[in-house]
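Chain by chain, the residues run as shown.
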Amino acid sequence: MGGGLGSPSVCRADLGLVGSAHYCVPAYPSTLLPIHPPTHPPTYPSTPLPWTNTMHLEINRLSKQFDTRQGPVLALDDINMHVETGEFVCAVGASGSGKSTLLRLVAGLDMPTAGEITVDGQVVMGPGSDRGMIFQSYTLYPWMTVQKNVEFGLKLQGVGSKERREMASYYLEVVGLTKFSRSLPKQLSGGMKQRVAIARTLASRPKIMLMDEPFGALDVQTKETMQQFMLDLWNRTGVSILMITHDVDEAVFLSQRIYVLTAHPGTIQQEVFVDLPRDRTYTIRRDRAFQDTREGIMDLLRGKTAPALVG
Amino acid sequence: MGASVPVCSTFGLTPVTPASPSFSTAPRSTQGMKPSVFWRLADDIPKPMSTALMVLSIAVPFGLWWLVASLDLVNDKFLPSPIQVAQALGRLWTDGFLLGDTAASIMRVTVGFGLAALVSVPIGIAMGAFASVRSLLEPISGVVRYMPAPAFIPLLVIYLGLGEAPKIALIFIGTVFFNILMVMDAVKFVPKALLETTYTLGGQRRQALFQVIAPYVVPNIIDTFRINIATSWNLVVVAELVAAENGLGKRIVLAQKFFNTDEIFACLLILGVIGFALDLSLRGLMKATCKWAVD
């Protein structure tokens, strides 16, 4: 494979396979909801869409050291990042680049050794609903129905039951799972579970959504469907997203900006701007710009300089 | 493929040719494992087969008993026939002993085990959730758990006399520590990601404890009770064998005095049936309340 990656003809053949057969549109009701920020308020309960608040996430000289039996291990070293309102930002890196640690620090589930993370100027001191997190393992509450799962964040925040129900129904509609509101998580497929988790996080109206390899456990076809779903969701809601993944293709397809991380310790090797339109479908993978960006990042991860990105 | 060499060098590897090990050239069977229904590992068997085997499970021992008794191989003073046992059951019923003794035993189990349950659930959850509480209480419950409960009987009689109190205390002592440790273990298996999700949804520690950990371990708690209530059913008979006014254990002691083996058999049968019914009802409770945890 190593020799053939740069050649466009090979790539086209690969992409033809992906694009030809298995793609299907997720079953969310796109006709019921505004695709772009609406010019008039939606007729749905209250006005949960789109995100209107501004947000500024800044990560400043962040380091994280773990003390293990073999001595201290530096997982993250001098990380500087930022995410602005409505941005879709990915961090890509191999295992060992501390990308999960990075997201946990932003979520407030771990504390940094040095440096700081601020959201709208306030230093992150612990977890909170302003930074909603999506885990790879779905983390639905198995005893709650889909509806109750989506309501749960609001319940924790003391929202009344009527409003809770309306909000949950709204976001179940957004992710296309209204029909399954009374199902238990164990009755759903992996992709559906992750959509419930996304609806649950959206219902809490976070300033930013943190996603930790959200589609890592899904099969290739479902993954592609979910990527398209995620992109459309982001376009419609305008929610800010910081997502980590090891899948370069996924990062390029979804995000506007990519931080490429190196491993041992995790540092930011380069910040890459993805020069592609907001509205993307799977066919964009055939574009030269897409392929150049992807191959450039792959080269960075291989330890080469990437002419396509430097120039 | 000529391309394979540059690929290797890309990753800094030099191609090596390992010395090939010598394999046996004997012809190999393609038959593989023979199919089986009865011996399938970790798999279901057909429903009719399962039902038939379950009927056999009761019918064979019962049939053997009936056969040995009816062949007069053993003096029926030692081994009463099923019919004699049925008659003894009828006698105990009409004399009112059966109902009274069963009620007395069940009452002791209910109060003793109920108290143990009430105490063990909060303590077990606290020990599972907080490493601090665990360090404080695990060593002592670990030690006391291994002290055989019947060994406490003499002390309990000295402290509490001969009434209901020592019997209830015995059941309590004999089950509370097992309950605590099993509930604690269940809490330790609550996925950490589920708690972290709760925090990122805006939940506080208290909410995570009462609204996530507690409901998550309900099925394990019911299972724990189902296993440990068998112990309390043992202990109530032990207590009644030692000293009691009534109860199924007491009835067995009395029957021994008058050499009424048929009554002993009758009491054993009742003990088994009630225990089995307890087990089934707790399984039913689990199915009814925890659909999410049952297949």
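Just above sits the structure.
Residues numbered from 1 in each chain as written. Chains lettered and ligands numbered in written order. Predicted model: local features only at pLDDT ≥ 70, side-chain atom pairs only at ≥ 80, totals over all residues. Heavy atoms only, no water.

Student: Would you mind going over the overall build of chain B in detail, with residue names and values included?
Tutor: Along chain B, the regular secondary structure elements total 11 helices and 0 strands. What you see in chain B, going N to C, is helices and strands ordered as α-α-α-α-α-α-α-α-α-α-α. Only carbon and sulfur atoms are counted for the fraction: they give 70% of the accessible area of chain B, which is about 18300 Å². (Helix = DSSP H or I, 4+ residues; strand = E, 2+ residues; numbered from the N terminus. Areas by Shrake-Rupley, 256 points an atom, 1.4 Å probe, with all protein chains shown as cover.)

Student: A description of unusual backbone geometry should follow, citing residues and the corresponding values.
Tutor: All names here are of chain A. Cis geometry marks the peptide bond from H264 to P265; its omega dihedral reads -10°. Relative to the assigned elements, P265 resides in the loop between strand 9 (257–262) and strand 10 (267–273). One non-glycine residue, R61, lies in the positive phi region at around 45°. Positionally, R61 belongs in strand 1 (residues 56–68). Looking at R61, the relative accessible area reads 54%, which means it is exposed. (Buried < 20%, exposed > 50% of the residue type's maximum accessible area, 1.4 Å probe, protein only.)

Student: Describe the sheet that holds strand 3 (residues 88–92) of chain A, and please don't skip the residues or the numbers.
Tutor: All names here are of chain A. Taken in spatial order, the 6 strands line up as 6-7-8-3-9-10 in an open sheet, and their pairing is mixed. The strands lining the two open edges of the sheet, one partner per strand, are strand 6 (131–134) and strand 10. Averaged over all pairs of adjacent strands, the angle between their axes in this sheet comes to 20°, without regard to strand direction. Where strand 6 meets strand 7 (residues 208–212), 4 bridges bridge the pair, whose relative direction is parallel. Residue pairing for strand 7: I134 is matched across the bridge by M211. Across the face of the sheet, helix 5 (residues 190–203) comes into contact with strand 6 and strand 7 while running at roughly 175° to strand 6. (Pairing = 2+ DSSP bridges. Axes fitted to C-alpha atoms, helices over the stretch in contact; angles between N-to-C directions. Contact = heavy atoms within 4.5 Å.)

Student: With reference to specific residues and values, describe the interface of chain B and chain A.
Tutor: Contact residues are listed per partner, giving 20 residues for chain B and 30 residues for chain A. Summed over both sides, the interface between chain B and chain A buries roughly 2000 Å², with carbon and sulfur atoms accounting for 67% of that surface. It is T200, L201 and W292 of chain B that lose the most area in chain B upon contact with chain A, and together they represent 35% of the buried surface on that side. Where chain B meets chain A, there are 1 salt bridge. Put simply, chain B and chain A have 7 residue pairs in polar contact (both at pLDDT 80 or more) between them. Mapped by element, the contributors of at least two residues to the side of chain B that touches chain A are helix 8 (192–200) and helix 9 (205–242) of chain B. No other element matches helix 8 of chain B, which puts 7 residues into the side of chain B that touches chain A. (Buried area = accessible area lost by both parts, 1.4 Å probe. Salt bridge = Lys/Arg side-chain N within 4 Å of Asp/Glu carboxyl O. Polar contact = N/O pair within 3.5 Å; in protein donor to acceptor, adjacent residues only side chain to side chain.)

Student: Any chance you could break down helix 6 (residues 220–237) of chain A for me, citing the residues and the numbers?
Tutor: Residue and element names in this part refer to chain A. End to end, helix 6 covers 25 Å across 18 residues, agreeing with the expected 26 Å (1.5 Å per residue, within 8%). Counting buried positions along helix 6 gives 15 out of 18 residues, so the element sits mostly inside the fold. Backbone nitrogen of Q221 and a side-chain oxygen of the N-cap are separated by 3.2 Å at the start of helix 6; the cap is D219. (Expected span 1.5 Å × (residues − 1).)

Student: Which residues make up the packing of aromatic side chains, and what values do they have?
Tutor: Tallied over the full model, the rule gives 12 aromatic pairs over all chains. With 4.7 Å between their ring centres and 65° between their planes, Y141 of chain A and F152 of chain A make a pair best called edge-to-face. Taken as a pair, Y141 of chain A in the loop between strand 6 and helix 3 (146–156) and F152 of chain A in helix 3 lie far apart in primary sequence, 11 residues in all. The same class applies to Y141 of chain A as to F152 of chain A, namely buried. Each ring, one from W65 of chain B and one from F265 of chain B, has its centre 5.5 Å from the other, and the planes form 25°; the classification is stacked. Note that W65 of chain B is positioned in helix 2 (residues 47–70) and F265 of chain B in helix 11 (residues 261–289), a separation of 200 residues in sequence. The exposure class assigned to W65 of chain B is buried, which follows from its relative accessible area of 15%. Among the aromatic residues, those joined into a ring-pair cluster are Y141, W143 and F152 of chain A together with Y216 and W292 of chain B. Between the NZ or CZ atom of R195 of chain A and the centre of the ring of F229 of chain A, over which it lies, the distance is 5.7 Å. (Phe/Tyr/Trp six-rings, centres within 6.5 Å; stacked < 30°, edge-to-face > 60°. Lys NZ or Arg CZ within 6 Å of the ring centre and 35° of its normal.)

Student: Can you lay out the packing of helix 3 of chain A against helix 5 of chain A for me, pointing to particular residues and giving the numbers?
Tutor: Residue and element names in this part refer to chain A. Helix 5 packs onto helix 3 with a crossing angle of 30° between their chain directions and a minimal axis gap of 7 Å. Taken together, the axes of helix 3 and helix 5 are roughly parallel relative to one another. The handedness of the crossing between helix 3 and helix 5 is right-handed. Across from V146, N149, V150 and L154 in helix 3, the residues of helix 5 making contact are V196, A199, R200 and A203. (Parallel < 35°, antiparallel > 145°, perpendicular 65-115°, else oblique. Left-handed = near helix turned anticlockwise from the far one by under 90°.)

Student: Any chance you could break down the nonpolar core for me, citing the residues and the numbers?
Tutor: Ranked by size, the top nonpolar core spans 57 residues in total, and within it Y141 and W143 of chain A together with I125 and V217 of chain B carry the most contacts. No other element matches the 15 residues that helix 9 of chain B contributes to this core. Each residue touching Y141 of chain A, except ones within four places of it in the same chain, is listed here: N149, F152, P185 and R200 of chain A together with L194, T197, T198, L201 and V212 of chain B. With 53 residues, the next largest nonpolar core counts Y138, Y170, V174 and V239 of chain A among its residues. (Core = buried A, V, L, I, M, F, W, Y, C linked by side-chain atoms within 4.5 Å.)

Student: I'd like to hear about the pattern of salt bridges, residue by residue, with values.
Tutor: A full pass over the atoms with the stated rule returns 27 salt bridges over all chains. Put simply, R91 of chain B and E263 of chain B hold a salt bridge, and the shortest N to O gap is 3.3 Å. Of this pair, R91 of chain B sits in helix 3 (residues 82–94) while E263 of chain B sits in helix 11; the two residues are 172 residues apart in sequence, bridging distant segments of the chain. Where R226 of chain B meets D223 of chain B, a salt bridge forms, and the shortest distance between an N and an O atom there is 3.2 Å. Taken together, the positions of R226 of chain B and D223 of chain B, both in helix 9 and 3 residues apart, correspond to about one turn of that helix. Within the structure, one salt-bridge network assembled from shared partners comprises E224, D249, R285, R294 and E295 of chain A.

Student: Describe the side chain of S105 of chain B, naming the residues involved and giving the relevant values.
Tutor: Position of S105 of chain B among the secondary structure elements: in helix 4 (residues 97–129). When near neighbours in sequence (up to four residues on either side) are disregarded, S105 of chain B contacts W233, V236, E240, G247 and L248 of chain B.

Student: Help me get a handle on the pairing of strand 8 (residues 240–245) of chain A, residues and values and all.
Tutor: Residues and elements named next belong to chain A. A large share of strand 8 lies buried, amounting to 6 of its 6 residues. Bridging between strand 7 and strand 8 involves 5 bridges; their strand directions are parallel. Paired with M209 across the strands is I241, a residue of strand 8. In the classification by handedness, the crossover that spans strand 7, the intervening helix 6 and the parallel strand 8 is right-handed. (Right-handed = clockwise from strand over helix to strand, strands pointing away.)

Student: Break down the sheet that holds strand 4 (residues 114–119) of chain A for me, with residues and values.
Tutor: All names here are of chain A. Pairing is antiparallel in the open sheet, where 4 strands are placed in the order 2-1-4-5. One side of each edge strand has no neighbouring strand; the edge strands of this open sheet are strand 2 (71–84) and strand 5 (122–123). Helix 2 (residues 99–107) rests against strand 1, strand 2 and strand 4 of the sheet, and its axis sits at about 120° to strand 1.

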